[in-house]
Amino acid sequence: MLVHFDKAASQNEVKDALENGDEKIKAEAMKKVVLMLLNGEQMQALFIPIVRYVLPSEDHYVQKLLLLYLEIIEKKDSQGKLLPEMILICQNLRNNLQHPNEYVRGCTLKFLARMTELEILEPLVPSVMANLEHRHSYVRRNAVLALDAMFKLEGGENLLPDAPEMIEQFLSSETDAGARRNALLMLMNADEERAVHFLLENTDNIGNWGEIMQMVVLELVRRVCRQKPSQKGKLMRIIILLLNSSNASVLYECANTLVALSSAPTAIRAAANCYCQLLASQSDNNVKLIVLDRLDNLKEPHKDIMQEVIMDILRTVSAPNLDIQKKTLDITLDLVNVRNIDDVVSVLKKEVMKTQDGEGKAAEYRQLLVHAIHHCALKFPDIASNVIHLLMDFLGDTSTASALDVAFFVREIAETNKKLRASIVDQLLNSFYQIRSSRVCACVLWIIGEYCNSLKQIESALDTIKTSVGLLPFYQATQTESSEKDNDEPTSPFYAVNSRPAILADGTYATQSAVVETISESDSSIPHLRSLLLAGDFFLGSVLATCFTKLCLKMIQSGASLPASQINRSVAEAMLYIVSLVRINELPELKRSTDEDSFDRMLLCIKVLANPEEKIRKLWLSDCRHSFTKMIEEKIAQEANELQEKEKESFAQPDDLIDFRHLKTRRGMTQLEVEDEVANDLGRATGFADSSSGEQKLDRILQLTGFSDPVYAEACVTVHQYDIVLDVTILNRTNETLQNISLELATMGDLKLVERPQSYTLAAGAQKCVRANIKVSSTETGVIFGNITFDTSSSVDKTVVVLNDVHIDIMDYISPASCHDVAFRTMWAEFEWENKVAVNTEMTDIHQFLDHLVSSTNMKCLTPPSALKGDCGYLAANMYARSVFGEDALVNVSLEKLNDGNIGGFIRIRSKTQGIALSLGDKITLRQKPLK
């Protein structure tokens, strides 16, 4: 441990302070000594003064500082032998172990638990064992810890030959929960068979033991069952017994143990019920998220069992936390089936009703619910009729994102469910006046234009739209208005129009006009559609013109049932409205003119209505619908292919051995044992057996030192979400014993070393595995570097071996994810950090280069394959990934085939944080280099 201390003092000053009789001055001097030693100062000359003046002190605080000092100082010489002066402290330690104050005894026992010198510990063993019978539980608890530490040392079995028997007797008579827990832990490490025997003898009493004792029991069960599977049947009964515990920690560990040790349906069902019980009883949001992660892990291998508890999981959706609600809905949607779809949709409908009057987070929650219902309706079309009309009430929602999701849902259901089209159109026409969002209004107009089929609906749609637009003309210049135009404020509602670059569905850039959609109280009498048009929303005007055109063409197509005069009148009125939309550009209050695309679209509508030929009608009424139908079919097919690929079965190799143990006798076996044996055999037969692949572990091994170095080291790097575990194997390649071998690590980036590994002594040719834990706080590339230091008998100074750097790849943190086009474009507009990478490769095929990017960046291409077909010389695609920290990574690829045959273009990366944008850009740049 390294502690910052900038108030260093000389040895003479510290010595003078120690010789002072005041206990407070001694305590301050000891603090300085400890801090200077931690910062690398050499203070050998102070050992004798400390023994003379500090050792006899009766002050408890000074004694504690003395123990810290004795723990830090070097106790051996360069040859690994104990320094002679260390014998001076043995008598003091023995006196402390017999001190009348339990605090002094406990602190001394804690100190002995961290000692590794057998020469000091050996004469103190009788005093430590005597403390097992002390009246105070604090002393007994630390005495067991000290004995456990002594027994673990090299040669500890000779130091405490009868430790297991003694600890077993202590367990039988001890009443304190903490002391019993430490004793059982020591017995588990010292004599595993004796510990198991003790558990089996006291099986009926385990339920009455304390929480900390039961946690050690579960750890013992896990260890024994992994090493000796034959004991699993006996020990599983203990886990089933602990499932009745009222403690949340014990329940959680019981469920984890069942999942880790058994794949039997009974065990998995009990674990799932435990997790659901924790979800219902715990109010802490972090606990709920952790439990939901566990349930998510059970979802894939045990889907049938998880479907039984889907309603218990879904109850968590009422928690007032958006992350919990989202994770709960994700798990539920993967588990929904024909048997539970009605119950699930019923709960979702109730939750939607609760969010009617809410804004802010309630709107986001409502959006999640709409997505969930949308998913259920597409997967099970029969339930669409139960939810579609409820959701259509939210088309006028103040949250544009939520209302737009409802509109997209209605559009997709209208296409896939023909029976509901008439009722959908009728309700859309009734609720059209409530819509306040421009984008929602455009989507609803498209639905009305496409799916109004009967003459009654067409006439009703035309009347509704005309009422929403209001009386014509939009603007009429008069002499009075002209004279007052410079003096008076305009009375028409005008909104601020902001233009910004946006990314389209195909990945290309365009200018997006955003209209502020808040209506003031003075303008509330103006029809909503008219307000949006007068605000300068020309794209909405083009959609409205298209809707007029389609309705009139349908009326012309069914002209046999209507008089020609009525048809001509409707067409003329529609043309008048479209012309008025074109002339909105002449409003003097508008500060921008109509964009060319919308202007051309409205003129085209006028031409079509003026000359409605048969080919034109087929193009507008059939081919456009066919394109949308094809898009929906491709979307459904893509989702089905992804699901099929996800659920693709793995098969065993032809030469794999299968032991059909379930054909043997089952006498004396419990139901859980029988199910577990069958599940294991089936797992091996089908390739689903959980086998830790050695090849994958070999891929993660990095060489840290050279073969010619005196110490050889290699590390196995394991990345698990927020943690990085380094298992470093250190090998002494010299012919002498190396003292104080220390692994010193440092990090660069958002990586943090949790604790510093302790020092070890290695004999010639011996090896040691050292584990270092590193915490990760964000998604970016990090570097771990450091060195190994050790002492030798032939050198006074420490020997330092510099280690190779360990680079932590960003690919370990991100995974492919799906995202809707609307959400992608919204995030693209909101995210601040952008990294632009130029394409520089020798690849000549743009599709091959895109596939290479997808595979090397661990991202998912959102652009459908149908949009990437063909060879037109350029390509635009969007890619998306999500990190384990919930960060979004957006990538837009724009490629072009140049005249010389090479590929040009840019790759744009956007994210909310700088780290992921820069790291992903470096990764893409690096992956292009081998292709040069």
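Structure: see above.
The following refers to the structure shown.

Reading the values: the criteria
- Residues numbered from 1 in each chain as written.
- Predicted model: local features only at pLDDT ≥ 70, side-chain atom pairs only at ≥ 80, totals over all residues.
- Heavy atoms only, no water.
- Helix = DSSP H or I, 4+ residues; strand = E, 2+ residues; numbered from the N terminus.
- Expected span 1.5 Å × (residues − 1).
- Contact = heavy atoms within 4.5 Å.
- Pairing = 2+ DSSP bridges.
- Axes fitted to C-alpha atoms, helices over the stretch in contact; angles between N-to-C directions.
- Buried < 20%, exposed > 50% of the residue type's maximum accessible area, 1.4 Å probe, protein only.
- Parallel < 35°, antiparallel > 145°, perpendicular 65-115°, else oblique.
- Left-handed = near helix turned anticlockwise from the far one by under 90°.
- Core = buried A, V, L, I, M, F, W, Y, C linked by side-chain atoms within 4.5 Å.
- Salt bridge = Lys/Arg side-chain N within 4 Å of Asp/Glu carboxyl O.

## Re helix α28 (residues 455–469)
So, point 1. Over its 15 residues, α28 runs 21 Å from end to end, which matches the ideal 21 Å to within 8%, given 1.5 Å per residue.
So, point 2. Residues of α28 that are buried in the fold lie against α26 (421–431), α27 (438–451), α30 (528–534), α31 (538–557) and α32 (564–582).
So, point 3. Directly beyond the C-terminal end of α28, a positive phi value near 95° is found at Gly-470.

## Looking at the sheet that holds strand β7 (residues 751–753)
So, point 1. Here five strands make up an open sheet; going across it, the order is β3-β4-β5-β9-β7 and the pairing antiparallel. Each edge of the sheet is formed by a strand with only one pairing partner; in this case those strands are β3 (701–703) and β7. For this sheet, the mean inter-axis angle between neighbouring strands, taken without regard to orientation, is 30°.
So, point 2. Examined bridge by bridge, β3 and strand β4 (residues 711–720) share three bridges and lie antiparallel to one another. When the sheet's bridge partners are listed, Ile-701 is paired in β4 with Cys-716.

## Comments concerning the pairing of strand β10 (residues 782–792)
Walk down a regular strand and you will see the side chains alternate between the two sheet faces.
So, point 1. Among the eleven residues in β10, ten count as buried, and that is most of the element.
So, point 2. Pairing geometry for strand β6 (residues 738–748) and β10, over eight bridges, is antiparallel. Bridge pairing in β10 links Leu-745 to Gly-786.
So, point 3. Pairing geometry for β10 and strand β12 (residues 806–808), over three bridges, is antiparallel. Residue pairing for β12: Gly-782 is matched across the bridge by Ile-808.

## Considerations on the packing of helix α12 (residues 177–190) against helix α14 (residues 211–227)
Each pair of packed helices can be summarised by the angle the axes make with each other and by the distance between the axes.
So, point 1. As a packed pair, α12 and α14 sit with axes 8 Å apart at the nearest point and diverge in direction by 15°. Relative to α14, α12 is oriented roughly parallel. The interaxial crossing formed by α12 with α14 has left-handed handedness. On α14, the residues touching Ala-177, Gly-178, Arg-180, Arg-181, Leu-184, Leu-185, Met-188 and Asn-189 of α12 are Ile-212, Met-213, Val-216, Val-217, Glu-219, Leu-220 and Arg-223.

## Quick notes on the nonpolar core
So, point 1. Within the largest apolar cluster, 208 residues are counted, with the highest numbers of intra-cluster contacts made by Tyr-69 and Leu-112.
So, point 2. For this core, the leading source of residues is α31, giving eleven residues.

## Here's the deal with the pattern of salt bridges
Proximity of charged atoms lets side chains of opposite charge pair with each other.
So, point 1. With the rule as written, the count across this model stands at 29 salt bridges.
So, point 2. Glu-174 is paired through a salt bridge with Arg-140; the nearest N and O atoms lie 2.9 Å apart. Of the two residues, Glu-174 sits in the loop between α11 (163–173) and α12 while Arg-140 sits in helix α9 (residues 137–152), which places them 34 residues apart along the sequence.
So, point 3. Of the charged contacts in the structure, one is a salt bridge between Lys-354 and Glu-351, with a shortest N-O distance of 3.2 Å. Residue Lys-354 and its partner Glu-351 are both found in helix α22 (residues 341–354); the two are separated by three residues, about one turn of the helix.
So, point 4. On the accessibility criterion, Lys-354 (60% relative accessible area) is exposed.
So, point 5. Glu-351 gets classed as buried once you look at its relative accessible area, which sits at 7%.
So, point 6. One salt-bridge network, in which partners are shared between bridges, spans Glu-165, Glu-168, Asp-191 and Arg-194.

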